[in-house]
Amino acid sequence: MTVETRKVTVSLPVNLLDFADQLAVRVKSNRSQVISQALAAVQAQEEERLAAEGYRFYANESVAFAEATASANAEAFTAASLEVTDGQAW
């Protein structure tokens, strides 16, 4: 799969540029790939954080819904079970 790329000019602190260059040599890559992979890792972390936040929100919402409907569910279950068993409790 080919990923579309664009050339950009970015200003970086010298120590970060040196680190990127050293890492690129160590992993037999190039500066662009090292920086791209670093940004991709940050992007993945952000997506995980947002997903976890969403799961927490919907989990809390589900708990609130379950609590709000618990008595109605119990009443409906009891009525249905009495119908199935001809009025005899289980």
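Quick look at the structure, then.

Cut-offs applied
Residues numbered from 1 in each chain as written. Predicted model: local features only at pLDDT ≥ 70, side-chain atom pairs only at ≥ 80, totals over all residues. Heavy atoms only, no water. Helix = DSSP H or I, 4+ residues; strand = E, 2+ residues; numbered from the N terminus. Rg over C-alpha atoms; globule rule 2.2 N^0.38 Å. Buried < 20%, exposed > 50% of the residue type's maximum accessible area, 1.4 Å probe, protein only. Areas by Shrake-Rupley, 256 points an atom, 1.4 Å probe, with all protein chains shown as cover. Lys, Arg positive; Asp, Glu negative; His and termini not counted. Charge placed at Lys NZ, Arg CZ, Asp CG, Glu CD. Salt bridge = Lys/Arg side-chain N within 4 Å of Asp/Glu carboxyl O. Patch = residues over 30% accessible without salt bridge, like charges linked within 9 Å, V, L, I, M, F, W, Y side chains within 5 Å.

On to the overall build of the chain. When its secondary structure is counted, the chain shows two helices and zero strands. Its C-alpha atoms give the chain a radius of gyration of 28 Å, more than 25% over the compact-globule value 12 Å for 90 residues. Projected onto the principal axes, the alpha-carbon positions of the chain cover approximately 80 × 30 × 25 Å. Here the chain, with 90 residues, has 6% of them falling under the buried criterion. Taken as a whole, the chain presents about 8300 Å² of accessible surface, with 59% of it coming from carbon and sulfur. Separation of charge centres in the chain, based on 7 positive and 12 negative side chains, amounts to 25 Å.

Moving on, we come to unusual backbone geometry. If you check the backbone angles, Lys-28 has positive phi at about 55° while not being a glycine. A relative accessible area of 77% means that Lys-28 is categorised as exposed.

A word on the pattern of salt bridges. Under the defined criterion, the tally for this structure stands at four salt bridges. Its salt-bridge partner being Arg-49, residue Glu-46 comes within 2.8 Å of it at the nearest N-O pair. Pair noted here: Glu-46 and Arg-49 are both in helix H2 (residues 31–84), with a separation of three residues, about one helical turn. Assessed through its relative accessible area of 35%, Glu-46 is described here as partly exposed. Arg-49 sits in the partly exposed class, given a relative accessible area of 40%. Salt bridges linked by common partners bring Glu-46, Arg-49 and Glu-53 together as one network.

As for its position among the elements, Leu-50 is in helix H2. Along the sequence, Leu-50 and Asn-73 sit 23 residues apart, while their C-alpha atoms lie 32 Å from each other.

Turning to a nonpolar patch on the surface, a few remarks are in order. Together, Val-8, Val-10, Leu-12, Leu-16, Ile-35 and Leu-39 give the surface a local cluster of nonpolar side chains, amounting to about 550 Å² of exposed area. Examined against the element boundaries, Val-10 turns out to sit in the segment before helix H1 (14–26).

The next subject is the environment of Glu-67. In this fold, Glu-67 is placed in helix H2. Taking relative accessible area as the criterion, Glu-67 reaches 59% and is therefore assigned exposed.

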